[in-house]
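Structural overview for review
Here's the letter readout for the chains.
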Amino acid sequence: MNPVSHRSLAVGVFGGIVNSALVYALLTYFDNPLFSSESLLSSVVVGAFLLGFLALALTAHTGLIASAGGFAASLGGIVYLEVTSPAPEKVGELGGHAIVDGPFYIWYYADTWYVWVSLLVVASVAEYAIRFGYDIGTHRLRNLPAFPPTRSDIAVLTAGAGALVGVSTVLLLSESFTTSIPILSFVFLLTAAGTAAPLLALVSRGVVTPVGLYVLYAPTTLITAAIMSTDGPVWVTLFGFGLVLAPLLWKLEEVLRSRYLGWNGGRFTG
């Protein structure tokens, strides 16, 4: 891949500024009592900037629309939730700390920026495979691995995206729950492998059903855990079910497409 251009960096900076400005405006407009500390507010705004920067810079650099489109959809959804929900209110104090009641969508959105970035990267890898493999508007794509990708490219794309989801899940759980290192290590391996497996089926052979299954549970569960309180990390087990089903769906789709559609791998096999 070529170095990131000044144009891509400028687009990324624009996205970061827009995202952080909206987050700051909403947090201060509703006078959120949790943000009496300027340092805490600043850290959240920085997270919002990183999310906007990485999302738009990735699209500007590669031409893939999943990153920018997903970012715009997530930002729009969060802003809608924030402005249509009751503002958080201070209802008392305990031990010198404020007790605040109400939803904190915009705060969690910015504070868990890494979760959104990992999902946007997964979506971008899937878009790369689908658009090149099925020849959908490839003339607009740039600075991406040649297609079909080499084994090393496949490993980087699938394992890298899986690792990002694994790390983001571990960070999310470590902030919300007290968990041991062995448990967090297991969660990392489960979510990373549960993400890499369906991407591997798509990138290497054009098999779409494992990714389709992944889309049904992974984004929803991760986003829900990121912006809302949950009863616990039980939802992580969904990645385990996905990991078990991915190879089964992979083989089943290949057999059916080969038998009834004459599919032999198409562009994915060169």
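The structure displayed is predicted, hence computed values, not measured ones.

A separate point is the overall build of the protein chain. Scanning the protein chain from terminus to terminus reveals nine helices and two strands. Reading the secondary structure of the protein chain in the N-to-C direction produces α-α-α-β-β-α-α-α-α-α-α. The buried share of the protein chain, reckoned over its 270 residues, is 44%. When contacts within the protein chain are restricted to residue pairs at least 6 apart in sequence, those whose partners lie at least 24 apart make up 74%. Roughly 13600 Å² of accessible area belongs to the protein chain as shown, and the carbon and sulfur atoms make up 68% of that amount.

The biggest cluster of nonpolar side chains holds 60 residues, and the ones touching the most others in it are V23, F71, Y109, V115, W235 and F239. Looking at this core, the elements with two or more residues in it are α1 (6–29), α2 (38–62), α3 (66–84), α4 (105–111), α5 (113–133), α6 (151–176), α7 (181–205) and α8 (209–227). If you tally residues by element for this core, the top one is α5, at 12 residues.

Right, let's get into α1. End to end, α1 covers 34 Å across 24 residues, agreeing with the expected 34 Å (1.5 Å per residue, within 8%). Those residues of α1 lying buried are S8, G12, G15, G16, N19, S20, V23, L26 and L27.

This part is about the side chain of R257. Position of R257 relative to the elements: it lies in helix α9 (residues 237–261). R257 sits in the buried class, given a relative accessible area of 15%. A distance of 2.8 Å separates polar atoms of two side chains, one belonging to R257 and the other to E253. Look past the residues within four positions of R257 in its chain and what remains in contact with it is Y134, G206, V207, G262 and W263.

Attention now goes to the environment of Y80. With respect to the helices and strands, Y80 occurs in helix α3. Separated by 26 residues in sequence, Y80 and I106 have C-alpha atoms that sit 9.9 Å apart.

A cluster of nonpolar side chains, L252, L256, Y260 and L261, forms an exposed patch at the surface whose accessible area comes to about 470 Å². The residue L252 is located in helix α9 in this model.

A few words now on the packing of aromatic side chains. For the coordinates displayed, the defined rule picks out 16 aromatic pairs. The interplanar angle of 70 degrees and the centroid separation of 5.2 Å between the aromatic rings of Y109 and W116 together place this pair among those described as edge-to-face. Of the two residues, Y109 and W116, both sit in the buried class. With 5.7 Å between their ring centres and 10 degrees between their planes, F132 and F147 make a pair best called stacked. Taken together, the positions of F132 in helix α5 and F147 in the loop between α5 and α6 put the pair 15 residues apart, joining distant regions of the chain. Given the relative accessible area of 17%, F132 is considered buried.

The subject of this paragraph is the environment of Y114. With respect to the secondary-structure elements, Y114 resides in helix α5. In sequence terms Y114 and T169 are 55 residues apart; their C-alpha atoms lie 9.0 Å from each other. Apart from residues no more than four positions distant in its own chain, Y114 is found in contact with S168, L171, L172 and E175.

Take the confidence of the model for the protein chain next. For the protein chain, per-residue confidence averages 89 on the pLDDT scale, and residues scoring 70 or more make up 88% of the total. Mean pLDDT across the secondary structure elements of the protein chain bottoms out at strand β2 (residues 97–101), with 56, and peaks at α5, with 97.

Turning our attention to unusual backbone geometry. Residue P148 follows F147 across a cis peptide bond; omega there is 0 degrees. Secondary-structure assignment places P148 in the loop between α5 and α6. With a phi angle near 55 degrees, D135 is a residue other than glycine that sits in the positive phi range. Here D135 lies in the loop between α5 and α6.

Here α6 crosses α7 at 150 degrees, and the two axes come no closer than 7 Å. By the criterion of interaxial angle, the relationship of α6 to α7 is roughly antiparallel. The handedness of the crossing between α6 and α7 comes out as right-handed. Of the residues belonging to the contact of α6 with α7, the class tally is 17 nonpolar, eight polar and no charged.

Thresholds applied
- Residues numbered from 1 in each chain as written.
- Predicted model: local features only at pLDDT ≥ 70, side-chain atom pairs only at ≥ 80, totals over all residues.
- Heavy atoms only, no water.
- Helix = DSSP H or I, 4+ residues; strand = E, 2+ residues; numbered from the N terminus.
- Buried < 20%, exposed > 50% of the residue type's maximum accessible area, 1.4 Å probe, protein only.
- Contact = heavy atoms within 4.5 Å.
- Areas by Shrake-Rupley, 256 points an atom, 1.4 Å probe, with all protein chains shown as cover.
- Core = buried A, V, L, I, M, F, W, Y, C linked by side-chain atoms within 4.5 Å.
- Expected span 1.5 Å × (residues − 1).
- Polar contact = N/O pair within 3.5 Å; in protein donor to acceptor, adjacent residues only side chain to side chain.
- Patch = residues over 30% accessible without salt bridge, like charges linked within 9 Å, V, L, I, M, F, W, Y side chains within 5 Å.
- Salt bridge = Lys/Arg side-chain N within 4 Å of Asp/Glu carboxyl O.
- Phe/Tyr/Trp six-rings, centres within 6.5 Å; stacked < 30°, edge-to-face > 60°.
- pLDDT = per-residue confidence, 0-100.
- Axes fitted to C-alpha atoms, helices over the stretch in contact; angles between N-to-C directions.
- Parallel < 35°, antiparallel > 145°, perpendicular 65-115°, else oblique.
- Left-handed = near helix turned anticlockwise from the far one by under 90°.
- Nonpolar A, V, L, I, M, F, W, Y, C, P; charged D, E, K, R; others polar.

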